[in-house]
Amino acid sequence: MSAEAADREAATSSRPCTPPQTCWFEFLLEESLLEKHLRKPCPDPAPVQLIVQFLEQASKPSVNEQNQVQPPPDNKRNRILKLLALKVAAHLKWDLDILEKSLSVPVLNMLLNELLCISKVPPGTKHIDMDLATLPPTTAMAILLYNRWAIRTIVQSSFPVKQPKPGPPQLSVMNQMQQEKELTENILKVVCYDLGAAYFQQGSTNPAVYENAREKFFRTKELIAEIGSLSLHCTIDEKRLAGYCQACGVLVPSSDSASQQLTPYSQVHICLRSGNYQEVTKIFAEDNLTFSLPVQFRQSVLRELFQKAQQGNEALDEICFKVCACNTVRDILEGRAIGVQFNQLFLRPNKEKIDFLLEVCSRSINLEKASDSLKGNMAAFLKNVCLGLEDLQYVFMISSHELFITLLKDEERKLLVDQMRKRSPRVNLCIKPVTSFYDIPASASVNIGQLEHQLILSVDPWRIRQILIELHGMTSERQFWTVSNKWEIPSVYSGVILGIKDNLTRDLVYILMAKGLHCSTVKDFTHAKQLFAACLELVTEFSPKLRQVMLNEMLLLDIHTHEAGTGQSGERPPSDLISRVRGYLEMRLPDIPLRQVIAEECVAFMLNWRENEYLTLQVPAFLLQSNPYVKLGQLLAATCKELPGPKESRRTAKDLWEVVVQICSVSSQHKRGNDGRISLIKQRESTLGIMYRSELLSFIKKLREPLVLTIILSLFVKLHNVREDIVNDITAEHISIWPSSIPNLQSVDFEAVAITVKELVRYSLSINPNNHSWLIIQADIYFATNQYSAALHYYLQAGAVCSDFFNKAVPPDVYTDQVIKRMIKCCSLLNCHTQVAILCQFLREIDYKTAFKSLQEQNSHDAMDSYYDYIWDVTILEYLTYLHHKRGETDKRQIAIKAIGQTELNASNPEEVLQLAAQRRKKKFLQAMAKLYF
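Here is what the cut-offs are and how they apply
- Residues numbered from 1 in each chain as written.
- Predicted model: local features only at pLDDT ≥ 70, side-chain atom pairs only at ≥ 80, totals over all residues.
- Heavy atoms only, no water.
- Helix = DSSP H or I, 4+ residues; strand = E, 2+ residues; numbered from the N terminus.
- Contact = heavy atoms within 4.5 Å.
- Areas by Shrake-Rupley, 256 points an atom, 1.4 Å probe, with all protein chains shown as cover.
- Axes fitted to C-alpha atoms, helices over the stretch in contact; angles between N-to-C directions.
- Parallel < 35°, antiparallel > 145°, perpendicular 65-115°, else oblique.
- Left-handed = near helix turned anticlockwise from the far one by under 90°.
- Nonpolar A, V, L, I, M, F, W, Y, C, P; charged D, E, K, R; others polar.
- Salt bridge = Lys/Arg side-chain N within 4 Å of Asp/Glu carboxyl O.
- Buried < 20%, exposed > 50% of the residue type's maximum accessible area, 1.4 Å probe, protein only.
- Phe/Tyr/Trp six-rings, centres within 6.5 Å; stacked < 30°, edge-to-face > 60°.
- Core = buried A, V, L, I, M, F, W, Y, C linked by side-chain atoms within 4.5 Å.
- Expected span 1.5 Å × (residues − 1).
- Arc of directions from axis to C-beta.
- Lys, Arg positive; Asp, Glu negative; His and termini not counted.
- Polar contact = N/O pair within 3.5 Å; in protein donor to acceptor, adjacent residues only side chain to side chain.
- pLDDT = per-residue confidence, 0-100.
- Disulfide = S-S within 2.5 Å.

### Quick word on the overall build of the chain
Looking only at helices and strands, one finds 45 helices and four strands in the chain. Restricting to contacts in the chain with at least 6 residues of sequence separation, those with at least 24 account for 63%. With the model as given, the accessible surface of the chain reaches about 50,100 Å², and the carbon-plus-sulfur share is 52%.

Below is the structure:
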């Protein structure tokens, strides 16, 4: 052997031996070979290749003796080859996903046609005419499989795909393509998921077909719930199905109760179609908490709005910013960079934009549940926004916001100030045209600007003091309390503070108080207390007058802190706070500037915490003469104390009445006109009372104690009712304690009284929306002003809150005969006559006359005979039976007869059974009415 031959043999023997590929004809020779082949981990050829080979060999045409091409002969060899192809497909469990991916349309069409033949489906039969329920399972399965494939092929052909490069055909059956297309068009009404996809594809040209698609997709969801998502011969892509269902829910909204809970997708599309763009911003802001809408969808909505804005709809500019702001907050929460669009829209910031951005940020994060990464992302975003702002007022808006203060620690806020300080030279230097125009050198001016910026931002008393020392070291000519026009102090204090001779001390006291008052206003009580404490420490050294001023302001701050904190849950204030309030009220220091609001808050505080003993018995007499709020508080407290007593002992109620009547009276004066005639001029805000009506209303809106609010409401309702031209009285609790008349009706401004009643009810319901007495007053107001639907809403709400939504009986002192009669009149004027008849049963004495008259009306706007189940009075039901018989209304007569025939309404039943039947019907009727009017 030569060396070259030896090398070739060594190379050949070193390569692993690849087993030869099994040829298609070998499966004809050995029956069990196919099963063995398919069991292999990686059979070669693969199953789909075998199907192609078997069908290609079985469909080869033959040539006769005259050299004419004949169709493939129907011999044993070809039948076995087709059967082998079917066996391979069965091994693949007839998975259309696999078959469609690997086989061309003609091959798969041929395979499925063979399945139809072997399943004994008569050729040429229209599948739509066949009743699948009567067919054997194998036959039905073959028909379903073929039609599913036909529909999937149509749907798939509608999607744009990259065209493959032309090549030799896979089989000689390409001429069957047109025949296959005609066949599939006749079978589009046979299956649920694939048929739904077909309908969805057709919907682009015929929107009505989307309804059919929706029906099929939702039916598929039901079937999956019943039999599971995995079946032997059917697999469903559940994510794709969910997408189809969601798309159909948007394109064809359903009206049934199950779909009333619209998805965010549907809500956004409905808003876009209706032009309700403000609601879109609300949905996007809410979605920032749930992350349910994909970012791509949100961006597509923004692009659509931009296009509309560019087409000339300028009103959408604001909406575009708001949607962009919502999307930007979503991006930063998920760790993405801020987009170019937001930076462009925020090039010219204003107060409204910053307010909205802060609102979105606050609504987009739940500080109690948010992770540290979310909080960090939000904090970094707010810092970057601050660094990008030139206007210090806007920076202060963000840095003083509650979210900013919560997310950033003191050290981080100080670091932010340092960063802005580094940025300031560039900003300030670039606006200086000529340095010689200034008395101070440029570098000093730059430093002053930096320090003033820090002074505006800081809420740290020690840092504020240090900044002012530096500033006064640079220049003695500036008044630094004027740096920000947002720094305001009450006018009663300004004379004392601005009279301080030392400039540094004056600036420091003014700024500390202004910042403390601002922090208190925005409910940043912690910083407010620090600023006030520092100011108190400072003024104690040189001014007893200012020391008392600061003690008064700190008392007001402590009242607000308690009311906004533990007081919300009903916890009584500490005894030392009550003592300090008493001390303030009894204070008799001359020349101390006092704010009226502190006296208001102190009296309201005592009333809210039921310190009636002090107000009625212990308050010094001089206070009653000098402080109108103490006088008013004393009368309110005494009236509350005397309520349980006999009517003749309620002297203070009369005194309170006279005080309020004077406040609501108009002062008149005579004036001679140019023509010599004398005219009467009425002054709306009277000076006859102890305070103006606006001051009284402001004071009342500081009260929260239910009995005090009820007394005030009762007084104003009574005052409203004494008007001569009043048609419908308003009802209220304790109304009998007030005088029944006024000596001089013309002196009272009843228009102002009516406005006050409405404002007081609105405020009281904001404190407690479940007070049935206040709800009845609100209902009576609507009734008196002919707003009957709104009146019914509040009458029903009053009953619901005191009966566990009508699951218990409504107390008779809530649904009095007067309330029921007003509900009857409301229903009558709304043409809801069947409701009138049912409500007539609620009266202590059933009003048959009104009930029968209402039932005679034929243009009722309510549910009519659907309400018959709520009638428990047999007399009314018998009248209904007679009435429908007289009118020839057979169906309605049968409903009435059925209602009468209920055994629990039998007159021979015990009284408790009849009462239980009535109560059950009352409950159901009132709940039905509540659903209608709520």
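### Remarks on the packing of helix H29 (residues 575-586) against helix H30 (residues 596-608)
When two helices pack together, their arrangement is given by the angle between the helix axes and the distance between those axes. Where H29 contacts H30, the axes come no closer than 10 Å and their chain directions differ by 130 degrees. It follows that H29 is oblique to H30 by the angle criterion. Here the hand of the crossing between H29 and H30 comes out left-handed. Residues Leu577, Ile578, Val581, Arg582, Tyr584 and Leu585 of H29 form the contact with H30, whose participating residues are Ile598, Ala599, Cys602, Val603, Phe605 and Met606. Counted by class, the contact of H29 with H30 contains 11 nonpolar, no polar and one charged residues.

### Observations concerning the pattern of salt bridges
Summed over the entire model, instances satisfying the criterion amount to 28 salt bridges. Between Asp287 and Arg298 there is a salt bridge, with its nearest N and O atoms 2.8 Å apart. On the criterion of sequence distance, the pair formed by Asp287 in helix H14 (residues 277-290) and Arg298 in helix H15 (residues 295-310) is long-range, its members being 11 residues apart. Looking at Asp287, the relative accessible area reads 2%, which means it is buried. Here Arg298 falls in the buried class, since its relative accessible area comes to 1%. For the salt bridge of Glu658 with Lys654, the shortest nitrogen-to-oxygen distance reads 2.7 Å. Taken together, the residues Glu658 and Lys654, both in helix H34 (residues 651-663) and four residues apart, mark about one turn of the helix. On the basis of relative accessible area, Lys654 is assigned to the partly exposed category, the value being 34%.

### Here's the deal with the packing of aromatic side chains
In the structure shown here, the tally under the stated rule is 19 aromatic pairs. Between Phe321 and Phe342, the aromatic rings sit 6.4 Å apart at their centres with planes inclined by 25 degrees, giving stacked as the arrangement. Here the residue Phe321 occupies a position in helix H16 (residues 316-333), and Phe342 occupies one in helix H17 (residues 340-345), the gap between them amounting to 21 residues. A single burial state applies to Phe321 and to Phe342, both of which are buried. Where Phe805 meets Phe806, the ring centres are 5.7 Å apart and the plane angle is 50 degrees; that geometry is what we call tilted.

### What to know about the environment of Val661
Examined against the element boundaries, Val661 turns out to sit in helix H34. Take Val661: its relative accessible area is 11%, and that puts it in the buried class. For the pair Val661 and Val748, spaced 87 residues apart in the sequence, the C-alpha separation amounts to 7.1 Å. Beyond its immediate sequence surroundings of up to four residues, Val661 is in contact with Leu719, Ile742 and Val748.

### Brief notes about the nonpolar core
Counting residues in each nonpolar core, the largest one holds 162 residues, and the members touching the most others are Leu585, Phe716 and Tyr815. In this structure, Val280, Val323, Met397 and Leu403 belong to the second largest nonpolar core, which totals 54 residues.

### Topic: unusual backbone geometry
One non-glycine residue, Asp804, lies in positive phi territory at about 55 degrees. With a relative accessible area of 48%, Asp804 lands in the partly exposed category. Notably, Phe805 is not glycine yet its phi reads approximately 55 degrees, a positive angle. By the element assignment, Phe805 lies in the loop between helix H39 (788-801) and helix H40 (817-829).

### Comments concerning helix H19 (residues 372-387)
Here H19 spans 22 Å end to end across 16 residues, near enough to the 22 Å set by a 1.5 Å rise per residue. Those residues of H19 that fall on the buried side of the exposure criterion are Met378, Ala379, Phe381, Leu382, Val385 and Cys386. Each buried residue of H19 lies within a common arc of 160 degrees when the element is viewed along its axis, so the set occupies one face.

### Here we look at the side chain of Lys353
Relative to the helices and strands, Lys353 is located in helix H18 (residues 351-363). An unpaired buried charge is present at Lys353: no salt bridge exists, and Glu352, the closest side chain of opposite charge, is 8.9 Å distant. Looking at Lys353, its side chain comes within polar contact range of the main-chain oxygen of Leu345, at 2.8 Å.

### Thoughts on the environment of His453
Its location among the elements puts His453 in helix H23 (residues 442-457). Sequence separation of His453 and Ser484 is 31 residues, and the distance between their C-alpha atoms is 9.6 Å.

### Quick word on helix H37 (residues 750-767)
Between its first and last C-alpha, H37 extends 26 Å over 18 residues, near the 26 Å set by a 1.5 Å rise per residue. Along H37, the positions that sit buried rather than exposed are Phe750, Ala752, Val753, Ala754, Thr756, Val757, Leu760, Val761, Tyr763, Ser764 and Leu765. The elements touched by buried residues of H37 are helix H35 (693-700), helix H36 (706-721), helix H38 (772-784) and H39.

### A closer look at the packing of helix H5 (residues 76-91) against helix H7 (residues 105-118)
Closest axis-to-axis distance for the H5/H7 pair is 10 Å, and the angle between their directions is 100 degrees. Relative to H7, H5 is oriented roughly perpendicular. Facing H5, whose interface residues are Lys82, Leu83, Ala85, Leu86 and Ala89, H7 presents Leu111, Glu114, Leu115 and Ile118. Tallied by class, residues from the contact of H5 with H7 come to seven nonpolar, no polar and two charged.

### Brief notes about the confidence of the model for the chain
In low-pLDDT regions, the fine details of the predicted coordinates are not to be read closely. A residue-level look at the chain finds 78% of positions with pLDDT of 70 or above and a mean pLDDT of 79. Confidence, expressed as mean pLDDT per element, reaches its minimum in the chain at helix H9 (residues 177-185) with 42 and its maximum at H40 with 95. Low pLDDT, under 50, characterises residues 163-190; the predicted model gives this stretch 43 contacts beyond four residues in sequence or across chains. For the stretch residues 424-446, pLDDT sits under 50, and the model shows 16 contacts to residues farther than four places along the chain or on other chains.

### Points about the side chain of Arg822
Within the element layout of this structure, Arg822 appears in helix H40. With sequence-adjacent residues up to four places away left out, Arg822 is seen in contact with Asn728, Asp729, Asp780, Phe783 and Tyr795.

### Describing the state of the cysteines
One pass over the full model with this rule turns up zero disulfides. Cys827 provides the cysteine sulfur closest to Cys840, a residue in no disulfide bond, and the two sulfurs are 9.7 Å apart.

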